[in-house]
Amino acid sequence: MTVQQSIEHSLKGEFLTRYLDNVALLERLHRLMLDVIKDEFERLGIVDINPVQALLLFNIGDNEVTAGELKSRGYYQGSNVSYNLKKLVELGYMHHQRCAVDRRSVRVRLTAKGLDVHGRIAALFARHAENLHSSEIIEFATLDTVARALRRIERYWGDQIRYIY
C-alpha cells in the first residue's frame, strides 16, 4: 500500500467513525428531547399522554391531516401511528372524521385540549431557543449550518430508500 493509499484509507476510516458518531448522537438527542418533554409534562401534571404523542400533537398544530400525511410530511416516524392517533382521540386531544372521498381514510385535527398541549410544547421550545441564544450556547449561523447538513443527510437517506432497491 502506498503512502497516498494509506492516507486515503485512514481518512475513510475517520469519516466512517465520525459518521457513526453523528448517527448515534442523532438518536441520543431524539431520546433526550422526549425525556425533556416528559419532564416538562410531569411538572405540569400532564400524565395521560406520552412524549411521542405530545410531539405528534405539536407537529400537527392547526393542520388537518391523515395518518399517511403524518408520515409523508415527516411529522411522525413511528410504526404505531394508528395506536397513538386512536389513543389521542379517546383522550379528547384529537377529533377524527372519515374522509368523504375515501372512506378508509381518516382525517384528524386537534381539539382545544390538543391545541393546549401544542401550545405548551411550543412554549417549551421557545424557552429553550431563548436560553440557547441568550446564553450564547449556540449561534444562529451554527444552527443554520447544522440544519443544512442534516437536510443533506435526510435527502441522502431518503434517496437510499427510494432508489437503491
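In the block above lies the structure referred to throughout.
Residues numbered from 1 in each chain as written. Predicted model: local features only at pLDDT ≥ 70, side-chain atom pairs only at ≥ 80, totals over all residues. Heavy atoms only, no water.

1. Describing the sheet that holds strand β1 (residues 65-66)
Part 1 of the argument: Taken together, the three strands give an open sheet; going across it, the order is β1-β3-β2, and neighbouring strands pair in antiparallel fashion. The sheet terminates laterally at β1 and β2 (94-98), the two strands that pair on one side only.
Part 2 of the argument: Here β2 pairs with strand β3 (residues 106-110) via five bridges, running antiparallel. Residue pairing in the sheet places His96 in a bridge with Val108 of β3.
Part 3 of the argument: Packed on one face of the sheet, helix α2 (residues 51-60) meets β1, β2 and β3 and runs near 90 degrees to β3. (Pairing = 2+ DSSP bridges. Helix = DSSP H or I, 4+ residues; strand = E, 2+ residues; numbered from the N terminus. Contact = heavy atoms within 4.5 Å. Axes fitted to C-alpha atoms, helices over the stretch in contact; angles between N-to-C directions.)

2. Describing the side chain of Glu40
Part 1 of the argument: Relative to the elements of secondary structure, Glu40 occurs in helix α1 (residues 3-44).
Part 2 of the argument: Given a relative accessible area of 9%, Glu40 falls into the buried group.
Part 3 of the argument: A distance of 3.1 Å separates a polar atom in the side chain of Glu40 from a polar atom in the side chain of Arg127.
Part 4 of the argument: Apart from the residues within four sequence positions on either side, Glu40 is in contact with Leu124 and Arg127. (Buried < 20%, exposed > 50% of the residue type's maximum accessible area, 1.4 Å probe, protein only. Polar contact = N/O pair within 3.5 Å; in protein donor to acceptor, adjacent residues only side chain to side chain.)

3. Remarks on the pattern of salt bridges
Part 1 of the argument: Under the definition given, this model contains 11 salt bridges.
Part 2 of the argument: For the salt bridge of Arg43 with Glu40, the shortest nitrogen-to-oxygen distance reads 2.8 Å. A residue pair is termed a helical-turn pair when its members lie 3 or 4 positions apart in one helix, as Arg43 and Glu40 do in helix α1 at three residues.
Part 3 of the argument: The exposure class assigned to Arg43 is exposed, which follows from its relative accessible area of 59%.
Part 4 of the argument: Residues Glu69 and Arg107 are paired through a salt bridge, measuring 3.6 Å at the closest nitrogen-oxygen approach. Of this pair, Glu69 sits in helix α3 (residues 67-72) while Arg107 is found in strand β3, placing the two residues 38 residues apart along the sequence.
Part 5 of the argument: Via salt bridges that share partners, Asp39, Glu40, Arg43 and Arg127 belong to a single interconnected network. (Salt bridge = Lys/Arg side-chain N within 4 Å of Asp/Glu carboxyl O.)

4. Overview of the nonpolar core
Proteins that are soluble and globular tend to have nonpolar side chains buried together.
Part 1 of the argument: Core analysis: the largest hydrophobic core is formed by 22 residues, its most contacted members being Phe41, Ile49, Leu57, Ile60, Met94 and Val117.
Part 2 of the argument: At the level of secondary structure, the elements contributing two or more residues to this core comprise α1, α2, α4 (81-90), β3 and α5 (112-134). (Core = buried A, V, L, I, M, F, W, Y, C linked by side-chain atoms within 4.5 Å.)

That's the geometry; what it means functionally is another story.
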